[in-house]
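One letter stands for each residue in the lines below.
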There are 2 protein chains.
Amino acid sequence: MSKDKAFVTEITPQGEDFSRWYIDVIKKAELMDYSPVRGCIVFRPEGYELWENIQRDLDRRFKETGHRNAYFPLLIPESFFQKEKEHVEGFNPELPMVTEAGGEVLEERLAVRPTSETMFGHMYAKWINSYRDLPLLINQWANVIRWEKRTLPFMRTSEFLWQEGHTAHEDEADARKETMQMLDVYTEFVESVLAIPVIKGQKTPSERFAGAVDTYSIEAMMKDGRAVQAGTSHYLGTKFAVAFDIKYLSRENTQEYCHTTSWGVSTRLIGALIMVHGDDRGLVLPPKVAPTQVIMIPIGPPKTRETVIAKTDELYAQLKAAGVRVRVDDRSDVSPGWKFNEYEMRGIPIRLELGPRDLENGVCVLVSRVTGEKKQVPLDNLVAEVQRMLDDVHDEMFARAKTFRDEHFFSVETLDELKAAFEEKRGFALAGWCGSEACESQVKEETGATSRNIPFEPAETKTKCLVCGDAAAHTVVFARAY
Amino acid sequence: MSKDKAFVTEITPQGEDFSRWYIDVIKKAELMDYSPVRGCIVFRPEGYELWENIQRDLDRRFKETGHRNAYFPLLIPESFFQKEKEHVEGFNPELPMVTEAGGEVLEERLAVRPTSETMFGHMYAKWINSYRDLPLLINQWANVIRWEKRTLPFMRTSEFLWQEGHTAHEDEADARKETMQMLDVYTEFVESVLAIPVIKGQKTPSERFAGAVDTYSIEAMMKDGRAVQAGTSHYLGTKFAVAFDIKYLSRENTQEYCHTTSWGVSTRLIGALIMVHGDDRGLVLPPKVAPTQVIMIPIGPPKTRETVIAKTDELYAQLKAAGVRVRVDDRSDVSPGWKFNEYEMRGIPIRLELGPRDLENGVCVLVSRVTGEKKQVPLDNLVAEVQRMLDDVHDEMFARAKTFRDEHFFSVETLDELKAAFEEKRGFALAGWCGSEACESQVKEETGATSRNIPFEPAETKTKCLVCGDAAAHTVVFARAY
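Cut-offs applied
Residues numbered from 1 in each chain as written. Chains lettered and ligands numbered in written order. Predicted model: local features only at pLDDT ≥ 70, side-chain atom pairs only at ≥ 80, totals over all residues. Heavy atoms only, no water. UniProt positions renumbered as here; feature names shortened; annotations may be inferred. Helix = DSSP H or I, 4+ residues; strand = E, 2+ residues; numbered from the N terminus. Contact = heavy atoms within 4.5 Å. Pairing = 2+ DSSP bridges. Axes fitted to C-alpha atoms, helices over the stretch in contact; angles between N-to-C directions. Phe/Tyr/Trp six-rings, centres within 6.5 Å; stacked < 30°, edge-to-face > 60°. Lys NZ or Arg CZ within 6 Å of the ring centre and 35° of its normal. Least-squares fit on C-alpha atoms with pLDDT ≥ 70 in both.

- In the annotation of an unreviewed UniProt entry, the entry for chain A reads Proline--tRNA ligase, and the organism field reads Cohnella nanjingensis.
- Chain A has a UniProt comment under Catalytic activity (unreviewed entry) that states "tRNA(Pro) + L-proline + ATP = L-prolyl-tRNA(Pro) + AMP + diphosphate".
- UniProt, in its Subunit (unreviewed entry) section for chain A, records the words "Homodimer."

1. A look at the environment of Ile309 of chain B
Residue and element names in this part refer to chain B.
Okay, so step 1: Within the secondary structure, Ile309 sits in helix H10 (residues 302-321).
Okay, so step 2: Along the primary structure Ile309 and Gln163 are separated by 146 residues, whereas in three dimensions their C-alpha atoms are 43 Å apart.
Okay, so step 3: With sequence-adjacent residues up to four places away left out, Ile309 is seen in contact with Pro298 and Asp330.

2. A short note on the sheet that holds strand S4 (residues 75-77) of chain B
Okay, so step 1: Strand order in the open sheet formed by 6 strands is S4(A)-S6(A)-S5(A)-S5(B)-S6(B)-S4(B), with antiparallel pairing between adjacent strands. The open sheet has two edge strands, strand S4 (75-77) of chain A together with S4 of chain B, and neither has a second partner. The average undirected angle you get between the axes of adjacent strands in this sheet is 45 degrees.
Okay, so step 2: When strand S5 (residues 96-101) of chain B meets strand S6 (residues 104-112) of chain B, the two strands line up antiparallel, connected through 4 bridges. Opposite Val98 of chain B, over in S6 of chain B, you have Leu110 of chain B as the bridge partner.

3. Re the packing of aromatic side chains
Okay, so step 1: Applying the stated criterion across every chain, the model contains 36 aromatic pairs over all chains.
Okay, so step 2: Members of the aromatic cluster, connected to one another through ring pairs, are Trp51, Phe62, Trp141, Tyr186 and Trp263 of chain A.
Okay, so step 3: Lying over the aromatic face of Phe340 of chain A, Arg351 of chain A brings its terminal NZ or CZ to 3.9 Å of the ring centre.
Okay, so step 4: In this structure, Lys83 of chain B is placed above the aromatic ring of Phe80 of chain B, and the distance from its NZ or CZ to the ring centre is 5.2 Å.

4. Topic: the relation of the copies chain A and chain B
Okay, so step 1: Rotating chain A by 180 degrees and translating it 0.0 Å along the rotation axis places it on chain B, where the RMSD comes to 0.0 Å. Seen this way, the second copy is the image of the first under a two-fold rotation axis. Considering only C-alpha atoms, the residue of chain A closest to the rotation axis is Val98 of chain A, which sits at 2.1 Å.
Okay, so step 2: Interface residue correspondence from chain A to chain B reaches 100%, placing this contact among same-surface, isologous pairings.

Next comes the structure, spelled out in structure tokens:
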């Protein structure tokens, strides 16, 4: 439908400059705007509503798995970060510091939270006395700040929104079970709601969360072949429990340290869904989180306008009552063609066209954003047809993303092969790795790619390290990452 | 039911020390805990869920009135506060300042937001071009910080959670309509959901929001007779539009300043609902926001336990399916009496008792938290009976709060009468006021009471100023306030 060249060319084609395409699309679709504060964006309503829909769905999953929400202070005493050695090393360089308040210099400087393991740790030590208080399963929806040097809207911003789950358990087994459970919750959510296929696996030690014993992640492939860590889940062992003295009276009447976990996803999921699904015409939004799922556009000459609009309103009410997020654009000062382009750019999953001829025949036309397929459907079965097409759009989006990922997933034996592969194509590479940090660093230096994770279910098992040629301890996914 | 004296005496009686009662109750019911940061609390799950329920209901009302949510940066350049003279005077003394980030001293200091008129103003100036962009109706759910000298959990904390609506309009009439509409939304919410009767009115100039032309509030009476401002709505005129250059091309093709509004409620609503409804046995939670609406307690000797618990589970499933927030406490290591006290203290609106005799008779017992009334109801009509009792509890709570307020509302002619009234009783006083700041200040100095608002519908109209005796320009509600 997008014949209006003047319109389309406002968006840089993906093949020409993917980064430009991304910025063009998110600005034009009014998902965000730059703010006057370095690296901080404004989440405009169209962008924020994506986050609200993500939140609603995830929040339900957290509650179904026994978690409750709470809210902990934004400001954290600087000394808290000193208590866990690795944690302070990881986060200190990024902390914004409140040094004055109410016109006075503070005795102890307060960090704006970059993550809340320390504050949760401090409070958990007060609340947990015996095994009866365990497991303690709390999640927090919050803003956090990490003073990033290079930022990219949604993907990496100084302030971002996220959820952080923090749990305390009696023993390692229970904490590890939680860690994996939440990784599974994220996987299920990202695949079945955002239509993004992910690779589940364990991070290598150099990519671990600062202070974790083990970090697990789900990794997604963007359309430029780069990786996005879409969610992480950490088993923290007793490290934070020792640092903050989170002890409990065990069933055997002894004092023991808790085993803790933390896990989070952030507004970078918005960036991911845009980069996975978007095309040269603009956004393609997953139906399950799209603020508007169906845009209704009445068409035809002025003399039939009233009748068509009356019917449109009636169908709108039907769809809305069925829980479909639907909008009508019945403006007469812009052409249907302009509207078609506009809502394609905005990524609305289904366009519904209704004209006087359709009305006579008791039908309307549904157009899928992802395939462009047009389908004439009977009006008396509209709700079911729309719901079916929303499901189809989701399935098609997932299938396309998976096909793209499979086509950009290559297997290499040596560093030279990896370099050659990254030179001629974009994507993820599966390779063997001996487990040494030196070999991992060399890959990064020479290719810019980092180890994304050690997948739980690699397509094949590698036997030799791509760098040193020694026996491979792990099969690793390497990619350039956001 | 609360015969267990050892238990009850853990809560200071309201009549003995209301402030102590308040702290005892919110700590014991695990609504909050103190944090290591001055004046900041942790919202524990039982407290935070009250906020989640408040949010859900208000958010629906905001969306139904055409608003959308967005998210604006936490940190605001210090210079923004200088742009509106009254605004800076009002907020500067309370601003926490980020002066370093990422290990470097910032060129411009960044304030942690106390409210976001300035940041919205800056962005609105970019987004608004013509009358077609108006009205612009955006709300934000966020954390804010005001470095308060004296704090009280929920009521006045350094960091709190709130929503702030910010809207821009073509003219004064439309902006004033919005200001009043949102005051009405708050009134309807606080009365019909939190069961708190409020007095709607306009703030005197000295109590206006810093930078507003007019501020309106709803005021509620706590059980110690003090007032809580439960919500405010401001007509900002063109003050912020001039400060931030929010202009639009009018229908007449001229450049005009927008008229803006802002309005907000915060987590102090949690404090208000506790202080309005609580009693010497603990919390009394309004059914519409109570995290748990019904607590089910199976009772009877061990040999019938299995049968009773099986039936309890069945009824639990029925209630849950009907949307009732219900929990079961089937622990056998604590007595039913202990549980009765515990859940009364926690303010759960309905207790459901089910024993073997009840089961034989096909009934159970519902106990209202607010009246203590016990009602035997048939099990085959349980859902309807529970829903009816939840409505009754709400109505009873509202009626009691209103009766209390009416009984503590007195009418005075002079400052001496006001002083005498405040000495012998607690409550609100209606009095005439000439409109001078001097007279208003004198009331505050001599009684500690401030003007709460000029009610839209005063019970009577006063003709003389309580201080100077001149003709009254307004009839004002005076009270000591949180």
